[in-house]
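# Reading the structure
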Amino acid sequence: MLFLRTPVKVRVLLRPEWPVHADACAAERYRAIADDIHRQGWSDQPHFLSAALTRALEAECRALAHAGALSAAEVGRGAARACRPDVRGDRICWIKARQSAACDAWLAQVRALRLALNRELCAGLGDYEGHFAWFAPGTAYVRHRDRFRNDDSRVMTVIAYLNDRWQPEHGGALRLHRDDQGVHDIAPAAGRVVVFLSADIEHEVLLTTRNRLSIAGWFTRQRV
Ligand SMILES: O=C(O)CCC(=O)C(=O)O
Ligand SMILES: [Fe+2]
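Residues numbered from 1 in each chain as written. Chains lettered and ligands numbered in written order. Predicted model: local features only at pLDDT ≥ 70, side-chain atom pairs only at ≥ 80, totals over all residues. Heavy atoms only, no water.

Let me state the cut-off plainly: UniProt positions are given in the numbering used here, feature names are shortened, and annotations may be inferred rather than shown by experiment.
As annotated in an unreviewed UniProt entry, the chain carries the name 2OG-Fe(II) oxygenase and is attributed to Paraburkholderia edwinii. Here is the UniProt Cofactor (unreviewed entry) comment for the chain, exactly as written: "L-ascorbate".

Rendered as structure tokens:
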């Protein structure tokens, strides 16, 4: 086998720090997400990220905050763009490819998820845009949909949570509003990933009493 002939030193250097979940288990998880999306428009995966990658992404988010790289999130598009802390209270930093090994590992998982959703659902997902988000105590994000009124490019929302030992009294749940079925609250606990249809699922972030760290992102429509 070619791999076994590779010198050990090179093998260690080439080994990704956080293996891309290309294993059977990951394939199963992607299928489960596709089934959920097809059935109900959203999917909750409490154990999507490994503990090591979650910790690395959390550390990076904290380092960015420490370095002053997070800025107040805006709402709206174009001329209507504005900071509205009464609407959303998070501070954000957009993720770029090659900014860190941890972000690249996250982007690799996002890519694998996109390929699986396109395969399973013919979802037509193209690019991904995502940012770290930091909700400080006393902040929230009011009920909304992720698709802009004048721009329908966002198709699917993907949120990854980075908060160790999250307790119900910390608040900060992601609340999904499900038409006639009432609400469904999801704790922003470390390792969890939630995926939902950006145009369909109204949601909000309930007031948090603790720093609440996450990566919020969107798959946009594939351009033809
Ligand atoms: O962090 C969350 O749970 C949701 C954030 C959100 O709704 C958004 O960024 O649009
Ligand atoms: Fe949202």
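Past the structure itself, the notes keep going.
### Structural notes on the sheet that holds strand β7 (residues 141–144)
Our working rule: Paired strands, in this sense, are two strands between which DSSP finds at least two bridges. Where helices and strands are cited, they refer to DSSP runs of H or I of at least four residues and of E of at least two residues respectively, numbered from the N terminus. Between N-to-C directions, angles cover 0 to 180 degrees, with each direction set by a line fitted to C-alpha atoms, over the stretch in contact for helices.
Ordered by their spatial adjacency, 4 strands build an open sheet running β7-β12-β9-β10, and the pairing between neighbours is antiparallel. Whereas interior strands pair on both sides, the edge strands pair on one side only; in this sheet they are β7 and β10 (183–186). Each strand axis lies, on average, 15 degrees off the axis of its neighbour in the sheet, ignoring direction. With 2 bridges joining them, β7 and strand β12 (residues 202–205) adopt antiparallel strand pairing. Bridge pairing in β12 links H144 to H203.

### Examining the side chain of T157
Keep this limit in mind: Here a polar contact means two N or O atoms within 3.5 Å. Within protein one must be a hydrogen donor candidate and the other an acceptor candidate, and residues neighboring in sequence count only if both atoms are side-chain atoms.
Its place among the elements puts T157 in strand β8 (residues 154–161). Within the structure, T157 has its side chain in polar contact with the side chain of D146 (distance 2.8 Å). At 3.3 Å, the side chain of T157 forms a polar contact with the side chain of W218.

### Some words on the coordination of the iron ion (ligand 2)
Note on metal sites: the ideal angle is 109.5 degrees for four tetrahedral donors, and 90 or 180 degrees for six octahedral donors. Applicable threshold: Only nitrogen, oxygen and sulfur atoms qualify as donors, and only when within 2.8 Å of the metal (3.2 Å in the case of Na, K and Ca); with water excluded, sites may look incomplete. The rule is simple: take the accessible area with a 1.4 Å probe, protein chains only, and divide by the maximum for that residue type; under 20% is buried, over 50% is exposed, in between is partly exposed.
The coordination sphere of the iron ion (ligand 2) contains the protein donors H144 (NE2), D146 (OD) and H203 (NE2), at a distance range of 2.0 to 2.1 Å. Taken in sequence order, the residues that donate to the iron ion (ligand 2) follow the motif H-x1-D-x56-H. With H144 in strand β7 and H203 in strand β12, this pair connects stretches of sequence that are 59 residues apart. Residue H203 is classed as buried on the basis of its relative accessible area, which comes to 5%.

### Comments concerning the packing of aromatic side chains
Here the distance between the centres and the angle between the planes together describe a pair of aromatic rings. In plain terms, the rule: Pairing of aromatic rings covers Phe, Tyr and Trp, the last counted by its six-membered ring, and requires centre-to-centre distances within 6.5 Å; plane angles under 30 degrees mean stacked, over 60 mean edge-to-face, and any other angle means tilted. For a Lys NZ or an Arg CZ to count as sitting over a ring, it must be within 6 Å of the ring centre and within 35 degrees of the ring normal.
All told, the structure shown has 3 aromatic pairs when counted by the stated rule. Seen from their ring centres, W94 and W218 are 6.4 Å apart, and the 50 degrees between their planes marks the pair as tilted. Of the two residues, W94 sits in strand β5 (residues 90–94) while W218 sits in strand β13 (residues 212–221), which places them 124 residues apart along the sequence. With relative accessibility at 6%, the residue W218 sits in the buried group. The ring centre of W218 lies 3.7 Å from the NZ or CZ of R154, which sits over that ring.

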